[in-house]
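# Coordinate inspection notes
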Amino acid sequence: MKYYEVADMSFNFQLLKLGPKCHSGTCLHGLVQDWLTAIPDARWSNWVVGNHDNGRVASRLGSVYMSAISALLLLLPGTPTGYYGDEIAMLDVNVSYEDTQDPFGLNFGPDQYAQFSRDPSRAPMQWDSSEPSAGFSNTSDTWLPVQEDFRTINVEVQQDVQNSTLNTYKSLVQLRSLASFVKGDTVLDVPTEKLFAFSRNYMHGEPSFLVVINIGDAEEWYQYNAAVAAHNQGEVVAEQGTTFSVGDDVDMETDIVLYPGDFVVVKFYIY
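A brief structural summary. As the structure is a prediction and not an experimental result, all values here were calculated from the model.

Another point: the overall build of the protein chain. Scanning the protein chain for helices and strands turns up eight helices and 10 strands. For 271 residues, the compact-globule formula gives about 18 Å, and the C-alpha radius of gyration of the protein chain, at 20 Å, lands near that figure. Seen through its C-alpha atoms, the protein chain measures out along the principal axes to roughly 65 × 45 × 30 Å. Every one of the 271 residues in the protein chain was classed for burial, and the buried ones make up 49%. Taking the contacts inside the protein chain whose residues are at least 6 apart along the sequence as the reference set, 64% of them involve residues at least 24 apart. Of the roughly 13100 Å² that the protein chain leaves accessible, carbon and sulfur atoms contribute 51%. Here the protein chain holds 15 positive side-chain charges and 35 negative ones, and the gap between their average locations is 8 Å.

Turning our eyes to something else, we now look at the state of the cysteines. Going through the model one piece at a time under the given rule, you end up with one disulfide. Residue pairing for Cys22: its cysteine sulfur links by disulfide to Cys27, the two sulfurs lying 1.9 Å apart. Its S-S torsion of about -115° marks the bond between Cys22 and Cys27 as left-handed, since a negative value means left-handed. Classification of Cys27 as partly exposed rests on a relative accessible area of 25%.

It is the contact of helix H3 (residues 66–75) with helix H7 (residues 165–175), at a shortest axis distance of 10 Å, that shows an interaxial angle of 15°. With respect to H7, the element H3 is oriented roughly parallel. Here H3 and H7 pass one another in a crossing that is right-handed. Only Thr165, Thr168, Tyr169, Leu172, Val173 and Leu175 of H7 make contact with H3, whose side of the interface consists of Met66, Ser67, Ser70, Ala71, Leu73, Leu74 and Leu75. A class-by-class count of the residues in the contact of H3 with H7 yields nine nonpolar, four polar and no charged.

As a further point, take the side chain of Asn201. Relative to the helices and strands, Asn201 resides in strand E4 (residues 195–201). On the accessibility criterion, Asn201 (11% relative accessible area) is buried. A polar side-chain atom of Asn201 sits 3.1 Å from a polar atom in the side chain of Ser199. Filtering out sequence-adjacent residues up to four positions away, Asn201 remains in contact with Ser180, Gly184, Asp185, Val187, Ser208, Val228, Phe268 and Ile270.

Bringing the pairing of strand E3 (residues 185–188) into the picture now. The sheet contact formed by E3 and E4 spans four bridges and is antiparallel. Each residue of the ladder has a partner; that of Asp185, found in E4, is Asn201. Following E3, the chain reverses through six residues before pairing antiparallel with E4.

Within this structure, the stated rule accounts for seven salt bridges. Salt-bridge contacts for Arg118 lead to Asp53; the nearest nitrogen and oxygen are separated by 3.2 Å. One end of the pair, Arg118, is in the loop between helix H5 (109–116) and helix H6 (155–159); the other, Asp53, is in the loop between strand E1 (46–48) and helix H2 (57–60), with 65 residues separating them in the sequence. Under the relative-accessibility criterion, Asp53 is labelled partly exposed at 35%. Asp86 serves as the salt-bridge partner of Arg56, at 3.3 Å between the closest nitrogen and oxygen. Taken together, the residues Arg56 in the loop between E1 and H2 and Asp86 in the loop between strand E2 (79–81) and helix H4 (103–106) connect sequence positions 30 residues apart. The class of Asp86 is buried, set by a relative accessible area of 4%.

Rules used throughout
- Residues numbered from 1 in each chain as written.
- Predicted model: local features only at pLDDT ≥ 70, side-chain atom pairs only at ≥ 80, totals over all residues.
- Heavy atoms only, no water.
- Helix = DSSP H or I, 4+ residues; strand = E, 2+ residues; numbered from the N terminus.
- Rg over C-alpha atoms; globule rule 2.2 N^0.38 Å.
- Buried < 20%, exposed > 50% of the residue type's maximum accessible area, 1.4 Å probe, protein only.
- Contact = heavy atoms within 4.5 Å.
- Areas by Shrake-Rupley, 256 points an atom, 1.4 Å probe, with all protein chains shown as cover.
- Lys, Arg positive; Asp, Glu negative; His and termini not counted.
- Charge placed at Lys NZ, Arg CZ, Asp CG, Glu CD.
- Disulfide = S-S within 2.5 Å.
- Axes fitted to C-alpha atoms, helices over the stretch in contact; angles between N-to-C directions.
- Parallel < 35°, antiparallel > 145°, perpendicular 65-115°, else oblique.
- Left-handed = near helix turned anticlockwise from the far one by under 90°.
- Nonpolar A, V, L, I, M, F, W, Y, C, P; charged D, E, K, R; others polar.
- Polar contact = N/O pair within 3.5 Å; in protein donor to acceptor, adjacent residues only side chain to side chain.
- Pairing = 2+ DSSP bridges.
- Salt bridge = Lys/Arg side-chain N within 4 Å of Asp/Glu carboxyl O.

Written as structure tokens, this is what we have:
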């Protein structure tokens, strides 16, 4: 990969392809595997799922998938690059031609601007439910309009909900500080149309982790793979949408069923 000949860490935009045309475990597996295969030995990876030039993840995939994609971003090996608002599942905002600021979009005129403008993902951060601009500003005349859903989707609201998108994101940030995520290797599981899974493993005595997400459109049972998780008994340390609670014991051979947008992280030890 020639980028690493001139940079210590080059942006990896593979996961920006997630969307209507890449909404399956097999497609996601291809994006991740291609990058991990191409990166030079002993070089540091990074991952980007959202930025200012693309539609927001929650709009591209659906809000229900946001926490699962955050688990992907934060628990794969390397540096995660988050985009503001993704931690609360902000959506693209509708911007009229008159309010559009993006020169690229304006160049296409009032009939086609919406197809090309990058402004929908650049709306003000939604901090709280206050008027006029969700705590971002004390004026309603912001550079771009505030998303209309700011009264229900904002930081203040989600701080008080235990399993909110924001608090799930925070728990994943804490989890990634463990040695297996900082220094460990990565084993990708065989994907299905709905499920993408991988494990992070460091050394004997340190816990290993199985991460399973459902990026598909229907429920599916996880098929345990001993080559990915060497021990089938574990403990749930993070989840969203599942029937598990953090701290639950789980048999990875029989217990894991995920609905669209669900994810689970299971801690296990290699004996």
